[in-house]
Amino acid sequence: EYEERFKSDDKYAAMYAHALSLPSHDFDYNEKAVEASDTSARMYHKQNNNYKYFVALVNKFDALMGCGKIYDAFSTAMTVFRLNEEKYFVHIDDILQICYANLIQTTGRIMEALSYYEKGIAIAKRIHKWDYIYGSIWRELAIARFGDGSCLRRLDSYIALASEADYKYLVSLGACFYLLSVYLLNIDV
């Protein structure tokens, strides 16, 4: 009953699609996340809600990366960079820089990724705790790829920070990246 109600009104339908995209991505249902993000992006664009349109596009390219559709992810990311230059939103800038760094890191361009992490994390530290922790956790994975074991201590601190804030997804992400970093660093546990 509520689903039909949400889908019948464009404003609520966009919110419903956006809300559906987030857990889909978090639980690694990235094809569904791409579809839901694309739907919400089109609807927010139609409603001239630029901020939510940009957020939906960032979510879309992040999910495209999760699907392994790297070219499409880069293409969508470039669109968001261009749009955010025209109508700037600071929160879009922080999460865009961080998610773009994640995308670059997946292609092995670690130094370039670190540059984007620094930009995004610096903004997020001032305005958005969740993004700050998220970006910091991903950055530490990039540092582990360089063989720097100090990332483990910092990952511990970001996991603790996420736990204090009750950001369960980030606690899980941090724990997974901690284990991956141990593997990358070839450390016996």
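Look above for the structure.
Residues numbered from 1 in each chain as written. Predicted model: local features only at pLDDT ≥ 70, side-chain atom pairs only at ≥ 80, totals over all residues. Heavy atoms only, no water.

Moving on to the overall build of the protein. Tallying secondary structure elements over the protein gives 10 helices and 0 strands in all. Counting from the amino terminus, the protein carries its helices and strands in the arrangement α-α-α-α-α-α-α-α-α-α. Here the protein, with 189 residues, has 46% of them falling under the buried criterion. Considering only contacts within the protein whose residues lie at least 6 apart along the sequence, 58% involve residues at least 24 apart. (Helix = DSSP H or I, 4+ residues; strand = E, 2+ residues; numbered from the N terminus. Buried < 20%, exposed > 50% of the residue type's maximum accessible area, 1.4 Å probe, protein only. Contact = heavy atoms within 4.5 Å.)

Let us look at the pattern of salt bridges. Applying the stated criterion across every chain, the model contains 9 salt bridges. Glu31 serves as the salt-bridge partner of Lys69, at 3.5 Å between the closest nitrogen and oxygen. Here the residue Lys69 occupies a position in the loop between helix H4 (50–66) and helix H5 (70–86), and Glu31 occupies one in helix H3 (residues 30–46), the gap between them amounting to 38 residues. The class for Lys69 is partly exposed, based on a relative accessible area of 33%. Here Glu31 falls in the partly exposed class, since its relative accessible area comes to 47%. A salt bridge links Arg139 to Glu118; the shortest N-O distance between them is 3.4 Å. (Salt bridge = Lys/Arg side-chain N within 4 Å of Asp/Glu carboxyl O.)

The subject of this paragraph is a nonpolar patch on the surface. A cluster of nonpolar residues, Tyr88, Val90 and Ile127, forms a patch on the protein surface that exposes about 260 Å² of accessible area. Here Ile127 lies in helix H7 (residues 110–127). On the basis of relative accessibility, which here comes to 37%, the residue Ile127 falls in the partly exposed class. (Patch = residues over 30% accessible without salt bridge, like charges linked within 9 Å, V, L, I, M, F, W, Y side chains within 5 Å. Areas by Shrake-Rupley, 256 points an atom, 1.4 Å probe, with all protein chains shown as cover.)

Membership of the largest hydrophobic core comes to 57 residues, with the highest contact counts inside it found for Phe61, Tyr100, Tyr117, Tyr134 and Ile137. Secondary structure elements with two or more residues in this core: H3, H4, H5, helix H6 (90–106), H7, helix H8 (129–145), helix H9 (150–164) and helix H10 (168–184). A total of 10 residues in this core trace back to one element, the largest contributor, which is H4. If near-sequence neighbours (up to four positions away) are discounted, Tyr100 is found in contact with Phe61, Phe74, Ala77, Met78, Phe81, Arg109 and Tyr116. (Core = buried A, V, L, I, M, F, W, Y, C linked by side-chain atoms within 4.5 Å.)

With that settled, the discussion passes to the environment of Tyr169. Relative to the elements of secondary structure, Tyr169 occurs in helix H10. Through-space distance from the C-alpha of Tyr169 to that of Tyr134 is 9.4 Å; in sequence the pair is 35 residues apart.

Looking now at H8. Taking 1.5 Å per residue as the helical rise, H8 with its 17 residues ought to reach 24 Å, and the 25 Å between its terminal C-alpha atoms agrees with that figure. Counting buried positions along H8 gives 14 out of 17 residues, so the element sits mostly inside the fold. Positive phi shows up at Gly147, right after H8, with a value of about 85°. (Expected span 1.5 Å × (residues − 1).)

It is worth spelling out the packing of H5 against H6 at this point. Relative to each other, H5 and H6 sit at 155°, their axes nearing to 11 Å. The orientation of H5 with respect to H6, classified from their angle, is roughly antiparallel. As H5 runs across H6, the sense of the crossing is left-handed. The residues of H6 that touch H5, namely those facing Ile70, Ala73, Phe74, Ala77, Met78, Val80, Phe81 and Asn84, are Ile92, Asp93, Leu96, Gln97, Tyr100, Leu103, Ile104 and Thr106. Its residues assigned to classes, the contact of H5 with H6 shows 12 nonpolar, 3 polar and 1 charged. (Axes fitted to C-alpha atoms, helices over the stretch in contact; angles between N-to-C directions. Parallel < 35°, antiparallel > 145°, perpendicular 65-115°, else oblique. Left-handed = near helix turned anticlockwise from the far one by under 90°. Nonpolar A, V, L, I, M, F, W, Y, C, P; charged D, E, K, R; others polar.)

The description of an aromatic ring pair uses the distance of the two centres, along with the angle that the planes make with each other. Under the definition given, this model contains 11 aromatic pairs. A ring pair is formed by Tyr51 and Phe89, whose centres lie 5.4 Å apart and whose planes are at 65°; its orientation type is edge-to-face. Taken together, the residues Tyr51 in helix H4 and Phe89 in the loop between H5 and H6 connect sequence positions 38 residues apart. For Phe89, a relative accessible area of 26% translates into the label partly exposed. Where Trp130 meets Tyr134, the ring centres are 5.1 Å apart and the plane angle is 20°; that geometry is what we call stacked. One end of the pair, Trp130, and the other, Tyr134, are both in helix H8, 4 residues apart, so they sit about a helical turn from each other. Residue Trp130 is classed as partly exposed on the basis of its relative accessible area, which comes to 27%. Members of the aromatic cluster, connected to one another through ring pairs, are Tyr51, Tyr53, Phe54 and Phe89. When the ring centre of Tyr116 is taken as reference, the NZ or CZ atom of Lys119 above it lies at 4.8 Å. (Phe/Tyr/Trp six-rings, centres within 6.5 Å; stacked < 30°, edge-to-face > 60°. Lys NZ or Arg CZ within 6 Å of the ring centre and 35° of its normal.)

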